[in-house]
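Architecture and fold: a report
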Amino acid sequence: EERLKRELGQFINGREIEPWDPFLRGEPKTQELSEDALEIFGRSLTVRPFVLPHKSGIKDGVHRSAAGPRGWNAQQGLYVYRNRRLIVAGSWLNLGFLQEEHHKLARILVDLPNTMDHEWQIDVRKAQAQPPAALAPSLKRIARVTRKRAEEVYRGRAQIVRRKHARDYELVWEQRVKHGKIFFK
């Protein structure tokens, strides 16, 4: 976060703007789900889903700032970035999902290269985007998994299974033996 602050160094009326991480990557209870590299028209993009912690798992100040400028429900969904610039902040991009209370912890980072402007219908102002139809099934699949996990966290039924970093797994399984066969729960 400090590196980001130094890189941006943005000010309005002489006051420094604090960067906002909609994914709460600095919080230990934030879950980063499996990253997907999707390909379309010979080019690839990265999709990285996050499930934010339940309100009870973070400090009040962090919870307030994570709500973003539009509040928790309105901030859920996909965050489309192009060359590290945020284009869409929290939308299900007409993929058939509604903004619902029990999915408010679901946020998905989509990182586009600038070579996909046409496919994503990015306008000249770089203010809106719409995914290509060919990517819709993959994005829906990722969104369904993320929303399901977010609902489990929201309802307090989350398991102790999370991914800390792309290469560093922390999985908790209980080994059981029944009728001479080993299985995991």
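Parameters and conventions
- Residues numbered from 1 in each chain as written.
- Predicted model: local features only at pLDDT ≥ 70, side-chain atom pairs only at ≥ 80, totals over all residues.
- Heavy atoms only, no water.
- Helix = DSSP H or I, 4+ residues; strand = E, 2+ residues; numbered from the N terminus.
- Expected span 1.5 Å × (residues − 1).
- Buried < 20%, exposed > 50% of the residue type's maximum accessible area, 1.4 Å probe, protein only.
- Arc of directions from axis to C-beta.
- Contact = heavy atoms within 4.5 Å.
- Phe/Tyr/Trp six-rings, centres within 6.5 Å; stacked < 30°, edge-to-face > 60°.
- Lys NZ or Arg CZ within 6 Å of the ring centre and 35° of its normal.
- Core = buried A, V, L, I, M, F, W, Y, C linked by side-chain atoms within 4.5 Å.
- Pairing = 2+ DSSP bridges.

**Points about helix α4 (residues 136-154)**
Here α4 is 19 residues long and its end C-alpha atoms lie 26 Å apart, about the 27 Å a rise of 1.5 Å per residue gives. Buried residues of α4: Ala 136, Leu 139, Ile 142, Ala 143, Thr 146, Arg 147, Arg 149, Ala 150 and Val 153, and no others. Seen along its axis, α4 keeps its buried residues to an arc of 170°; they face one direction. What points out from α4, more than 90 degrees from its buried face, is the exposed set Pro 137 and Lys 148. Looking at the buried positions of α4, the neighbouring elements they touch are β3 (31-32), β4 (36-40), β5 (43-51), β6 (77-82) and β8 (106-112).

**Here's the deal with the packing of aromatic side chains**
For the structure shown, the criterion picks out five aromatic pairs. Each member of the aromatic cluster is reached from another via a ring pair, and the members are Trp 20, Phe 23, Phe 50, Tyr 79 and Tyr 81. Here the basic side chain of Arg 107 rests over the ring of Trp 72, its NZ or CZ set 5.0 Å away from the ring centre.

**Focus on the environment of Ser 138**
Its place among the elements puts Ser 138 in helix α4. Note: C-alpha distance between Ser 138 and Leu 38 (100 residues apart in sequence) is 7.9 Å.

**Some words on the nonpolar core**
Membership of the largest hydrophobic core comes to 41 residues, with the highest contact counts inside it found for Leu 45, Val 110 and Trp 120. Of all the secondary structure elements, the ones that give two or more residues to this core are β4, β5, β6, β7 (85-91), β8 and α4. Per element, the largest residue contribution to this core is six residues, and it comes from α4. Among residues more than four places away in sequence, those in contact with Leu 45 are Asp 36, Ala 37, Leu 38, Ile 40, Val 110, Asp 111, Leu 112, Pro 113, Met 116, Trp 120 and Leu 135.

**Some details on the pairing of β5**
Summarising the sheet, β3 and β5 pair through two bridges and their orientation is antiparallel. Opposite Gln 31, over in β5, you have Val 51 as the bridge partner. Taking the residues between adjacent antiparallel strands as the criterion, β4 and β5 are bridged by two residues, where Phe 41 takes a positive phi near 55°. By the bridge criterion, six bridges tie β5 to β8 in an arrangement that is antiparallel. From the neighbouring strand, Arg 48 faces β8, where its bridge partner is Leu 109.

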